Amino acid sequence: MSATVPDLSVQRSRRHAADAGENDRAEVVVTGPMPEPDLEAAESAARAFLDALGVDLDRPGLDRTPLRMAKAYAELFRPRPFTMTTFPNDENYDEMVVARDIPFTSVCEHHLLPFSGHATVGYLPGERILGLSKLARVVELFARRPQVQERMTQQVARWLDEHLSPKGVGVVLTAEHTCMTIRGVQAQGTTTTTSALLGRVRQDARTRAEFLAIAGR
């Protein structure tokens with residue numbers, strides 16, 4: 001797996017200062033990097049694409065398919081904005097926080113076919129803790145774009161490390177890629193698992209083993 005992670009291109013606007021005092025709640029509004037879609041142009045391109053493949057768009061039921069196709073990909077490429085909420089770790093909690101079986105769907109950037117699966121995301125808290133639902137939101141943030149699973153795994157881990165400053169981060173993704181199951185080799189039922197471990201989750205054998213056991217790996 002390559003260690004190179006491209007620019008995350010995440011836009012942020014602060015509702016409360018992210019460097020809030022230790023007793024303060026902090027919020028950051030997070031959106032994805034994609035611009036507003038041009039659905040009219042996308043519909044026209046989809047129509048030309050399907051026509052080039054010999055699809056009869058005059059057949060009943062297909063007349064609005066190019067627009068539906070454009071809207072579907074626009075949705076797959078745009079994560080929902082969310083507010084990243086953190087709180088001071090007043091109780092000095094120093095064990096793993098792990099969310100398991102987070103569902104996600106992304107799109108293979110090589111064939112533009114979906115891959116779907118589940119994520120396990122965990123971190124070892126530092127001075128602040130994250131609202132639990134935000135772990136799922138961060139997964140969606142990097143899933144909703146043309147993607148490869150290896151990169152996505154690292155992006156989720158590095159984003160949490162950068163924005164939360166925890167003592168360690170662990171991410172495991174398991175997914176079925178339709179570019180492998182419905183075309184080409186057609187290896188139906190095959191899943192791919194990737195992992196990214198940072199900080200003490202990578203460096204400390206006990207912490208690493210604990211996270212991987214929780215993740216079922």
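Going by the structure above, here's the rest.
This text gives an overview of the structure that appears in the document. (Residues numbered from 1 in each chain as written. Predicted model: local features only at pLDDT ≥ 70, side-chain atom pairs only at ≥ 80, totals over all residues. Heavy atoms only, no water.)

1. Brief notes about the packing of helix 3 (residues 133-143) against helix 4 (residues 149-164)
Relative placement of two packed helices is described by the angle separating their axes and the distance separating the axes. The condition is simple: Angles run from 0 to 180 degrees between N-to-C directions of axes, and those axes are lines fitted to C-alpha atoms, restricted for helices to the stretch in contact. Numbering of helices and strands runs from the N terminus, with a helix taken as a DSSP run of H or I at least four residues long and a strand as a DSSP run of E at least two residues long. Here roughly perpendicular refers to angles of 65 to 115 degrees, roughly parallel to angles under 35, roughly antiparallel to angles over 145, and oblique to all remaining angles. When the near helix sits turned anticlockwise from the far one by under a right angle, the crossing is termed left-handed; a clockwise turn instead gives a right-handed crossing. The contact criterion used is simple: two residues touch if any of their non-hydrogen atoms lie within 4.5 Å.
Between helix 3 and helix 4, the shortest axis-to-axis distance is 9 Å and the interhelical angle comes to 135°. When the axis of helix 3 is compared with that of helix 4, the two are oblique. Considering how the two elements wind past one another, helix 3 and helix 4 form a crossing that is right-handed. Facing Leu135, Val138, Val139, Leu141, Phe142 and Ala143 of helix 3, the residues of helix 4 in contact are Met152, Gln155, Val156, Trp159 and Leu160.

2. A few points about the environment of Ser195
Note the threshold: Exposure classes here rest on a 1.4 Å probe applied to the protein chains alone. A residue is buried below 20% of its type maximum, exposed above 50%, and partly exposed in between.
In this fold, Ser195 is placed in strand 9 (residues 192-199). A relative accessible area of 34% means that Ser195 is categorised as partly exposed. Residues Ser195 and Arg217, 22 residues apart in the sequence, show an inter-C-alpha distance of 9.8 Å.

3. Some points on the side chain of Asn89
Note the cut-off: Under the rule applied, a polar contact is a pair of N or O atoms within 3.5 Å (in protein, one hydrogen donor and one hydrogen acceptor; residues adjacent in sequence only if both atoms are side-chain atoms).
Topologically, Asn89 is positioned in the loop between strand 3 (82-88) and strand 4 (97-108). By relative accessible area, which is 9% here, Asn89 ends up buried. In terms of polar contacts, Asn89 uses its side chain to reach the backbone carbonyl oxygen of Gly126, at 3.0 Å.

4. Regarding helix 2 (residues 65-76)
Applicable threshold: Each helix should span, by expectation, one fewer than its residue count multiplied by 1.5 Å. Summarising the geometry, the arc corresponds to the directions from the helix axis toward the C-beta atoms.
For helix 2, which comprises 12 residues, the first-to-last C-alpha distance of 16 Å matches the rise-based estimate of 16 Å (1.5 Å per residue) to within 8%. Within the sequence span of helix 2, burial applies to Pro66, Leu67, Ala70 and Ala74. Down the axis of helix 2, the smallest arc covering the buried residues is 100°, so these residues share one side. Looking at the buried residues of helix 2, the elements they touch are helix 1 (39-52).

5. Section: the nonpolar core
Let me state the cut-off plainly: In these notes, a set of buried Ala, Val, Leu, Ile, Met, Phe, Trp, Tyr and Cys residues joined through side-chain atoms within 4.5 Å is what counts as a nonpolar core.
Phe104, Val121, Leu135, Val139, Val156, Trp159 and Leu160 are the most contacted members of the largest nonpolar core, which totals 33 residues. Of all the secondary-structure elements, those providing two or more residues to this core are strand 2 (26-31), strand 3, strand 4, strand 5 (114-124), helix 3, helix 4, strand 8 (168-177) and strand 9. With residues near it in sequence (within four places) discarded, Val156 still touches Val121, Val138, Val139, Phe142 and Val171. Counting residues in hydrophobic clusters, the runner-up holds seven residues, among them Leu124, Val172, Leu197 and Phe211.

6. So, the sheet that holds strand 5
This is how the line gets drawn: Strands are treated as partners if at least two bridges between them are detected by DSSP.
The five strands are arranged 7-4-5-8-9 in an open sheet whose pairing can be described as mixed. The open sheet has two edge strands with one neighbour each: strand 7 (146-147) and strand 9. Sheet contacts for helix 3: strand 4, strand 5 and strand 7; angle to strand 4, the most-contacted strand, approximately 20°.

7. What about the packing of aromatic side chains?
The condition is simple: Between rings of Phe, Tyr and Trp, where Trp is taken as its six-membered ring, a pair exists when centres lie within 6.5 Å; planes separated by under 30 degrees are stacked, by over 60 edge-to-face, and by other angles tilted.
A full pass over the atoms with the stated rule returns three aromatic pairs. Between the aromatic rings of Tyr73 and Phe77, the centroid separation amounts to 5.7 Å while the plane-to-plane angle is 55°, which identifies the pairing as tilted. For Tyr73, a relative accessible area of 26% corresponds to the partly exposed category. In this structure Phe77 comes out as buried when scored by relative accessible area, which is 15%. Relative to Trp159, the ring of Phe82 lies with its centre 6.4 Å away and its plane at 55°, an arrangement referred to as tilted.

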